[in-house]
Amino acid sequence: MKFKNTTLFTTVVDSPLGAVRLAATDSGLAGAWFDAQRHSPDTTGWQIDDAHPVLRAAATQLGDYFAGRRSHFDLPLDLSHGTAFQQAVWQALLNIPTGQTTSYGRLSAGIGKPSAVRAVGAAVGRNPISVIVPCHRVVGTDGSLTGYAGGVERKSALLTLEGAL
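Counting of residues starts from 1 at the beginning of each chain's written sequence and follows it residue by residue. Residue-level local features of this predicted model are given only where pLDDT is at least 70; pairs of side-chain atoms are given and counted only at 80 or more, and the full residue set underlies all totals for whole chains, interfaces and linings. With hydrogens and water excluded, all non-hydrogen atoms of the structure serve as input to the side-chain values.

Visitor: Now, about the nonpolar core: what can you tell me, with residues and values included?
Guide: As used here, the term nonpolar core means buried Ala, Val, Leu, Ile, Met, Phe, Trp, Tyr and Cys residues forming a set that is joined through side-chain atoms within 4.5 Å. Only protein chains enter the accessibility calculation, which uses a 1.4 Å probe; a residue is then buried when its area is under 20% of its type maximum, exposed when over 50%, and partly exposed in between. Formed by 34 residues in total, the largest nonpolar core has its most connected members in L22, L29, L93, L107 and V124. For this core, the elements supplying multiple residues, two or more each, are β1 (9-13), β2 (20-25), β3 (28-34), α1 (53-66), α2 (84-93), α3 (104-110) and α4 (117-125). Broken down by element, this core gets its largest block of residues, six residues, from α1. The contact criterion used is simple: two residues touch if any of their non-hydrogen atoms lie within 4.5 Å. V124 has contacts with V89, L93, Y104, L107 and C135, leaving out every residue within four places of it along the chain. Put simply, DSSP marks the helices as runs of H or I at least four residues long and the strands as runs of E at least two long, and each gets a number from the N terminus on.

Quick look at the structure:
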């Protein structure tokens, strides 16, 4: 993921599933990546800012989520760094209720692109805001835990935490 022509602020927070790098722009939360997650961005030039209000809010809400005190996030999001198609997929992910899953095929149909299952899968895999934009709730047609940029073990843990497994 390329973040162009914008200043990114970052911090790293701990979670039960490993460290999470958070990133924000002036418009909102732009990223949340687990350590060693596929498709992690190059953070060269990002400004460390542990006091940034969006990053602090994200850290607090993630802490509450992992402690079982929160099932929904209330954060401004900046998803503008993806293509129009990716942004449509990421917006659709936000509509998957906590404790439920959907398939790549249903997600494709839901955005009006029923034949674009592979492209939807690729966009899901490039979701820049793990956990908060719940790509972990997308499973194979048979319910299998296929793919997750943060690792299938984390996907399983997140779905277990939400009561979907």
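So that's the structure; there's more coming.
Visitor: Before we move on, could you go through the side chain of K155 and cite the residues and values that matter?
Guide: Examined against the element boundaries, K155 turns out to sit in helix α5 (residues 152-161). The residues contacting K155, other than those within four sequence positions of it, are Y104, H136, V138, V139, L145, T146, G147 and Y148.

Visitor: Break down the pairing of β1 for me, citing the residues and quoting the values.
Guide: Among the five residues that make up β1, four are buried, leaving the element largely enclosed by the rest of the structure. Pairing between β1 and β2: five bridges, direction antiparallel. In the sheet register, V13 faces β2, and the bridge partner there is V20. In short, DSSP must find at least two bridges between two strands for them to pair. Linking two consecutive strands that pair antiparallel, namely β1 and β2, is a turn of six residues; a positive phi of about 110° is found at G18 within it. Of the pairings in the sheet, the one linking β1 to strand β4 (residues 47-48) comprises two bridges and is parallel in character. The residue of β4 that forms the bridge with F9 is Q47.

Visitor: Please provide a residue-by-residue account of unusual backbone geometry, values included.
Guide: With glycine set apart, most residues show a phi of negative sign, and most peptide bonds adopt trans. Of note, the phi angle at A36 is positive, near 65°, even though the residue is not glycine. With respect to the helices and strands, the residue A36 is situated in the loop between β3 and β4. Unlike most non-glycine residues, V131 shows phi in positive territory, near 70°. Classification of V131 by relative accessible area gives buried; the value is 4%.

Visitor: I'd like a description of the pattern of salt bridges, backed by residues and values.
Guide: Side chains that differ in charge, positive against negative, can pair when their charged atoms come close. What makes a salt bridge here is a side-chain nitrogen of Lys or Arg within 4 Å of a carboxyl oxygen of Asp or Glu, nothing more. Within the structure shown, the criterion is met by two salt bridges. Across the pair R69 and D64 runs a salt bridge whose closest N-O atoms are separated by 2.8 Å. A salt bridge links E162 to R137, with the nearest nitrogen and oxygen atoms 2.8 Å apart. You can see E162 sitting in the segment after α5 and its partner R137 sitting in the loop between α4 and β6 (138-139), a full 25 residues away along the chain. Across the pair, R137 and E162 agree in class, each one buried.

Visitor: Describe in detail the side chain of S15, supporting the description with residues and values.
Guide: Tracing the backbone shows S15 in the loop between β1 and β2. Pairs of N or O atoms are called polar contacts if they sit within 3.5 Å, as long as, within protein, a hydrogen donor faces a hydrogen acceptor (for residues adjacent in sequence, only side-chain-to-side-chain pairs). Reaching out from S15, the side chain makes a polar contact with the backbone nitrogen of L17 at a distance of 3.0 Å. A distance of 2.6 Å separates the side chain of S15 from the backbone oxygen of G18, its partner in a polar contact. Not counting chain neighbours up to four residues away, the residues in contact with S15 comprise V20, F34 and F66.

Visitor: Break down the environment of L145 for me, with residues and values.
Guide: Here L145 lies in the loop between β6 and α5. Along the chain, L145 and K155 lie 10 residues apart, while their C-alpha atoms are 7.4 Å from each other. Not counting chain neighbours up to four residues away, the residues in contact with L145 comprise V139, V152, K155, S156, L159 and L165.

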